[in-house]
Amino acid sequence: MGEGTVEAPASAGFADLARHGERTALRAGGRVVSYAELDRRVTTARDALEALTPPGSRQLMRLDPAPTVDFVVAWLAALTGGHTTLLTRDRGLGAAYLPSVEHADGAWHRTGTTAPRLHPDLRLLLSTSGSTGSPKLVRLSASNLDANARAIATYLGLRSDDVAVTTLPLDYCYGLSVLHSHLAVGASLLLDDRSVTDPGLWADARDHGVTSFAGVPYTFDLLGAAGWPDLPRLRQVTQAGGRMAPERVRALAEQGAREGWELVVMYGQTEATARMAYLPPDLAASHPGAVGVAIPGGSFRLEPVDGAEAGVGELVYSGPNVMMGYAESPADLARSAELTELRTGDLARFTEDGLVEIVGRRSRFAKLFGQRIDLDRVQTLLALGGHDTGCAEADDAEQLVVAVPGDPDAGVLAEVGATVVAETGLPAHAVRLVPVRTLPRLANGKLDQQAVARLEAPLEVDGDSPVRSLVRLYERVLGRDVVGPHDSFVTLGGDSLSYVELSLRLEHRLGRLPSDWQHRTIADLALLAPAAGCPGEAGTTARHRWFARIDTTIPLRALAILMIVGSHTDLWVLVGGAHVLLGVAGANFARFHLTDEHARERLRRVRRAAARIAVPAVLWIGLVTLLTGDYPLRTVLLLNDVLGGRDWSEPAWHYWFVEVALLCAVTAGLLTSVPRVMALEQRHRFGLAAILAAVLLVPRFWADLTSYDGDVIHSSLFVAWLFAGGWAAAVARSTGQRVVAAALLVAGTWGFTGDTQRDLVIIGGLMALVWLPTVPWPRPLVGPTGALASASLYVYLTHWQVYPHLEDRWPLGGLLASLAVGLLAWRVVERLAPAATRLARLPQHVRPARRPDPRPTPARPVRSARSHHHLTGQEAR
C-alpha cells in the first residue's frame, strides 16, 4: 500500500512544516508545493502580516475559505502567528465581529477596525448553525486544533504517502480537519473545488494517486447517480456530517471490502473541533447503525433524560478537542475556556459491544447535508414574515419538515419554501412542506416535534403552483398514482419511452432542461419555472423561439422508424435505422437501468422494461398468428433468433430487432445485477462498457475472417456490440472516452453490412449518439417527433400488417397508414396500461406499467405474402 510511514505526531506541528522536507504538501491547478516551500511561503506571509500590524499585537482575521494554495498559506500564517481567524464567506457575519485584517488577492489588508480583545488561546472561529444566519460562533483554541488533528491522524492511520482530495468546504469543520490531519503527518492534499459529479475531478484525483476522500451522506447520493470514481490507489473513504442509512453504510462497506478500500463512519460536531467518534472499518458491515467509539483522548457518558427509554440518555463527550465555548458578540472573544465536556444534544445508547448508537435528538437543531440547522431560528425567521410554522428534522434524517398550519394555499407554501431554502442554504428537495390544519402540540402546549418529524407531504395535489403542476404531469406521463415533490424520473422508474414524452413536455413548460434533469426532484425542477408559472417562454431569443434543444435519442428514434417503414413500402431505400436503434437501446439501458445501488432493484427495473417490450409484442404477433397463421411459434415467443435457423427467412425474422434488443437488455441487466459485476460497473462505468463492446466485436470479425455464410446483420451474436457500444457512449464523460467509444463503433460498422450507404447511415446515427447529447430541433416538429419516437415500438410491430395493402398502389399511403395505426395503438395502450396495472398488482400500484421501453423502433423486410426483392434477407433498418 505504499512506502510512506505511519505517523502519530506528538504535535500537529503546523509551525514546523519544513520537517517534512521535499515531500509534496499541496497540489492545485497543476502546481505542486513541497512542505519546504510551503513552510517558506507561510513564513513570508506571516512576516508580511507582522509588518502590517503593531509589534506584538494579536489580530482578528477574516479569511474567505477556498481550496487554493493562497488560502492554505494565509490560514497557516495566521494560525502560527498567534492570531485569531474567522473563517466565513458571510461578510455580514464577519463584520459583526469587527475583524481588523482581511486577506484578498494574495495580500493582507487592514480593515480600519481595531480588533476586539482576544483571549491568548483563541485561534479559530467557525459558524455552528449552518447557513441560518445565526451570529453564534464556536471558539476553538490552538490545543483544540492540535488534539483533533493528532487524534484523526492516529485512528485513520494516516501516512506520509497518503493523498486526499478536498471534496468538502474548508470552512466546514470536517473539511478543515482533512487539511489539518494530513498536514500533521506529512501527507499530501489535492486542492479542488469541483463537484463530486464532475468527471474532471476524479480524472485529476486518479492522475495524482488519491488514496482517500471524505463525504457527507449527500456526497454518496451524488456518487450513486453519477458513478463511483475510478481511483486505483484508493484505500480509505470517510463519512460524517449526518446520519447515513444503515443499509447504505453496509452496502458501501461491502463494496469497499470487494474493491480494497475501507469505509470509516465518523461522528462529530463543530463544538468538538470536528470528530468525537469513529466506527472501526471492520465493524461497518456488522454494525452499520453505530457511530463507533470515542476518538483517541476522548470519552463518552450518558446523561439521564426524563422520559427516555431504558439505556438511552443524552450523549456527553469529554476530550481535549472540546471547544472553549460559544461567542455571540465580539466581547465573548476575550473569554477563557468554559467547558470540559460537551453535551451533544443527541440521544444515544451503548451497545453490548461498547459502540455508541444515536437514536434521536434532544436539542432543537437538525443535522442535514453536513449543516447544523437551528430550528428555532428558522421558525423565528418565518414568523417575522407572518408565517406561524413548526420545524423538525424528518425521521429519516434526510429532510427538514416544515408544518404550515391553516390550510395554506400554493402561494403561501411557495413563499415559505423559498424563505427556508434561502435562509438555510438547503437544496429545495431537502425541505418538506406540509400543510396542516393546526400544528401538533403536546399536552403542555409545546410543539410536538416527533409528530412534525413524521408528517408526510400531501399525496393529493391540486392548484396551479409549478410543483403541483409538475406532479400531475409526472403522474399522467408515468402512469403513477402516487407522486410527490421529492420524487424524480429515475426514482419513479421511468424508462426511455416515458423519457421522450416527459422531457418534451418539461422542455415546453420550463425551457431548456439541465442534462441531469432525470435525477432531479420535481421540487428542484419547479424552481426552473418562469416567474409567472408554468409554462412560459417570454424573453427567449428568436433562435430559442424557433428551435428547442431536445435529447438526441428522440429524433434518432423518430427518423429511424421513418427510414424503416419508408424502405419497406418502397417509398425510398434508406436502410440501417434498426442498427442505429440498437445503439440507442444500449444508451438507454445505461441511462435508465444502471442507476440503482441494489441488485434486487436493478433486476426489478430490467424486468419491468423487458415486460414493456415483450408483452405487447407477444400479444400482437400471437393475435396475428391466430388470425393468419403467418408466424411460427418461436417468432410469437420472440425466440426465433435463439431457436430458428441461421439464414434469413420471411416472415419468421420480421421481428428480429425486438428479439435482439430484448435479449441484449435482459442479458445486460442480469450481468450487471451480479454483485461483483455491479461493483465493477459502478467504479469503472466506461471501462466495463468499452471492454464488453470490444469483446462482442470478436464474433463480428470472426464472421468476416471465416467467410461465415449465415445471417450476420440480424443475429444477436453478431450485432450485440452495437448495444454495448451505445452503452459506452452513454457513460462516456471525457473527450478521450468518447473517442474510444466512437472508434469501437466505427470499427465495427465499417464493412459490416456489405452496403457502403447503409454503413454510413449507421455510422452517422451512432456518431450523433456519441458526440451530441442534445440537438436543436424546430419547435413545430418537436411534438410530432416526440410522438413518433414514443410510438416507435407499436409502429414497428403493426406496420407489417398495414403497408402491404398499399405498397404497390400508393407507397406513401402505406407509410402514412402504418404510422397512423402505430400511433393509435400506442395511445390505446398508454390509456389502458395504468388501469391494467392497478388490477394486476392490487395495492402495489406504486410501479408504472405503461408503455414499452426504449429499444423498440426498427424494422425488417415485409410480409411473407410478398418477397421483398432488394430488401429481403439483408434489410437491417
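Residues numbered from 1 in each chain as written. Predicted model: local features only at pLDDT ≥ 70, side-chain atom pairs only at ≥ 80, totals over all residues. Heavy atoms only, no water.

Visitor: Before we move on, can you summarise the overall build of the protein chain with the specific residues and values?
Guide: The helix and strand inventory of the protein chain stands at 29 helices and 27 strands. Residues classed as buried in the protein chain amount to 56% of the 877 residues present. Expressed as a percentage of contacts within the protein chain between residues at least 6 apart in sequence, the contacts between residues at least 24 apart total 70%. (Helix = DSSP H or I, 4+ residues; strand = E, 2+ residues; numbered from the N terminus. Buried < 20%, exposed > 50% of the residue type's maximum accessible area, 1.4 Å probe, protein only. Contact = heavy atoms within 4.5 Å.)

Visitor: Which residues make up the pairing of strand E5 (residues 101-104), and what are the values?
Guide: Burial of E5 is one-sided: the residues Val-101 and His-103 facing one way are buried, the residues Glu-102 and Ala-104 facing the other way are not. Pairing of strand E3 (residues 60-63) with E5, which is carried by two bridges, proceeds in the parallel orientation. Opposite Arg-62, over in E5, you have Glu-102 as the bridge partner. Pairing of E5 with strand E6 (residues 107-110) involves four bridges; the strand directions are antiparallel. Residue pairing across strands places Val-101 opposite Arg-110, the latter belonging to E6. (Pairing = 2+ DSSP bridges.)

Visitor: Can you break down unusual backbone geometry residue by residue, with the values?
Guide: For Asp-570, which is not glycine, the phi dihedral falls at a positive 65°. One can find Asp-570 in the loop between helix H16 (553-568) and helix H17 (577-593). Its identity is not glycine, yet Leu-638 carries a phi of approximately 60°, on the positive side. Position of Leu-638 relative to the elements: it lies in the loop between helix H19 (633-636) and helix H20 (640-643).

Visitor: Now, about the sheet that holds strand E23 (residues 390-393): what can you tell me, with residues and values included?
Guide: The sheet built from three strands is open, its strands ordered E23-E24-E25 with mixed pairing. Each end of this open sheet is capped by a strand with a single partner; those strands are E23 and strand E25 (431-436). Put simply, the sheet's adjacent strands are angled 20° from each other on average, direction ignored. Summarising the sheet, strand E24 (residues 400-405) and E25 pair through six bridges and their orientation is parallel. When the sheet's bridge partners are listed, Leu-400 is paired in E25 with Val-431. Across the sheet, helix H9 (residues 375-384) lies against E23 and E24, angled at about 150° from E23, the strand it touches most. (Axes fitted to C-alpha atoms, helices over the stretch in contact; angles between N-to-C directions.)

Visitor: Explain the nonpolar core to me, using residue names and the numbers behind them.
Guide: If you look at the biggest cluster of nonpolar residues, it comprises 93 residues, and the most contacted ones within it are Leu-582, Trp-656, Phe-657, Val-658, Trp-727 and Tyr-796. Here this core takes 11 residues from helix H24 (residues 716-731), the largest share from any one element. Look past the residues within four positions of Leu-582 in its chain and what remains in contact with it is Trp-656, Phe-657, Val-660, Ala-661, Val-719, Leu-722 and Phe-723. Within the second largest apolar cluster, 73 residues are counted, among which are Val-138, Leu-183, Val-185 and Val-264. (Core = buried A, V, L, I, M, F, W, Y, C linked by side-chain atoms within 4.5 Å.)

Visitor: Kindly report on the packing of H16 against helix H28 (residues 792-799), identifying the contributing residues and their values.
Guide: Two elements in contact, H16 and H28, have axes whose closest approach is 10 Å; the angle formed by their N-to-C orientations is 10°. When the axes of H16 and H28 are compared, the pair comes out roughly parallel. On H28, the residues that touch Arg-557, Ile-561, Ile-564, Val-565 and His-568 of H16 are Ser-792, Val-795, Tyr-796 and His-799. Residues belonging to the contact of H16 with H28 are distributed by class as follows: five nonpolar, three polar and one charged. (Parallel < 35°, antiparallel > 145°, perpendicular 65-115°, else oblique. Nonpolar A, V, L, I, M, F, W, Y, C, P; charged D, E, K, R; others polar.)

Visitor: Please give an account of the packing of aromatic side chains that cites residues and values.
Guide: Throughout the structure, instances matching the rule amount to 21 aromatic pairs. Arranged with centres 5.2 Å apart and planes meeting at 10°, the rings of Trp-228 and Trp-261 form a pair that is stacked. In this pair, Trp-228 is assigned in the loop between helix H7 (217-226) and strand E12 (236-239) and Trp-261 in the loop between helix H8 (246-259) and strand E13 (262-267), connecting sequence segments 33 residues apart. Here Trp-228 and Trp-261 have matching classes, each one buried. (Phe/Tyr/Trp six-rings, centres within 6.5 Å; stacked < 30°, edge-to-face > 60°.)

Visitor: How would you sum up the side chain of Ser-100? Please name residues and give values.
Guide: When you line up the elements, Ser-100 lands in the loop between helix H3 (91-96) and E5. A relative accessible area of 0% means that Ser-100 is categorised as buried. When neighbours within four sequence positions are excluded, Ser-100 is seen to be in contact with Gln-59, Leu-60, His-109, Arg-110, Thr-111, Thr-113, Thr-114 and Ala-115.

Visitor: Any details on the pattern of salt bridges? Residues and values, ideally.
Guide: Pairing between side chains of opposite charge can happen when the charged atoms of each approach one another. This structure, assessed with the given rule, holds 18 salt bridges. Here Arg-301 ties to Glu-341 by a salt bridge, and the two come within 2.7 Å at their closest N and O atoms. In this pair, Arg-301 sits in strand E16 (residues 299-304) while Glu-341 sits in strand E19 (residues 341-350), placing the two residues 40 residues apart along the sequence. Among the charged side chains, a salt-bridge network with shared partners connects Arg-139, Asp-332, Arg-335 and Glu-338. (Salt bridge = Lys/Arg side-chain N within 4 Å of Asp/Glu carboxyl O.)

Visitor: Residues and numbers for H24, please.
Guide: Here H24 is 16 residues long and its end C-alpha atoms lie 22 Å apart, about the 22 Å a rise of 1.5 Å per residue gives. Counted residue by residue, H24 has 14 buried out of 16 residues, so it is predominantly covered. (Expected span 1.5 Å × (residues − 1).)

Visitor: Can you tell me about the confidence of the model for the protein chain, naming the residues and giving the values?
Guide: When pLDDT is averaged across the protein chain, the result is 83; 87% of the residues are at 70 or more. In the predicted structure, residues 129-133 sits below a pLDDT of 50 and forms 20 contacts with residues beyond four places in sequence or in another chain. Counted against residues more than four places away or in other chains, residues 531-543, with its pLDDT under 50, gives 12 contacts. (pLDDT = per-residue confidence, 0-100.)

Visitor: Quick one: what's the story with a nonpolar patch on the surface, residue by residue and with numbers?
Guide: Together, Leu-633, Leu-637, Leu-639, Val-642, Leu-643 and Leu-663 line one region of the surface with nonpolar side chains, adding up to about 550 Å² of accessible area. Mapped onto the elements of the fold, Leu-637 is located in the loop between H19 and H20. On the accessibility criterion, Leu-637 (44% relative accessible area) is partly exposed. (Patch = residues over 30% accessible without salt bridge, like charges linked within 9 Å, V, L, I, M, F, W, Y side chains within 5 Å. Areas by Shrake-Rupley, 256 points an atom, 1.4 Å probe, with all protein chains shown as cover.)

Visitor: Describe the packing of H24 against helix H25 (residues 735-749), and please don't skip the residues or the numbers.
Guide: Their axes nearest at 9 Å, the elements H24 and H25 cross at an angle of 165°. Judged by the inter-axis angle, H24 sits roughly antiparallel to H25. Note on packing geometry: the crossing formed by H24 with H25 is left-handed. In this structure, H24 contributes Trp-721, Leu-722, Gly-725, Gly-726, Ala-728, Ala-729 and Val-731 to the contact, and H25 contributes Gln-737, Ala-741, Leu-745, Gly-748 and Thr-749. (Left-handed = near helix turned anticlockwise from the far one by under 90°.)

Visitor: I'd love a proper account of helix H12 (residues 466-478), names of residues and values included.
Guide: Counted at 1.5 Å a residue, the expected span for H12 with its 13 residues is 18 Å, and the 18 Å between its end C-alpha atoms agrees. All of the buried residues in H12 are Arg-468, Ser-469, Leu-470, Val-471, Leu-473, Tyr-474, Glu-475, Val-477 and Leu-478. Backbone geometry just downstream of H12 places Gly-479 in the positive-phi region, at approximately 65°.

Visitor: Hey, could you go over the environment of Ala-690 for me, with residue numbers and the actual values?
Guide: Along the chain, Ala-690 falls in helix H23 (residues 685-705). For Ala-690, a relative accessible area of 10% corresponds to the buried category. Separated by 47 residues in sequence, Ala-690 and Gln-737 have C-alpha atoms that sit 8.9 Å apart.

Visitor: For the sheet that holds E12, give the residues involved together with the corresponding values.
Guide: Read across the open sheet, the nine strands follow the order E2-E1-E10-E9-E11-E12-E13-E14-E15; overall the sheet is mixed. Every other strand in the sheet has two partners, leaving strand E2 (31-34) and strand E15 (293-294) as the edge strands with one partner each. Note: strand E14 (residues 277-279) against E15, two bridges, orientation antiparallel. Bridge assignment links Tyr-278 to a residue of E15, and that residue is Val-293.

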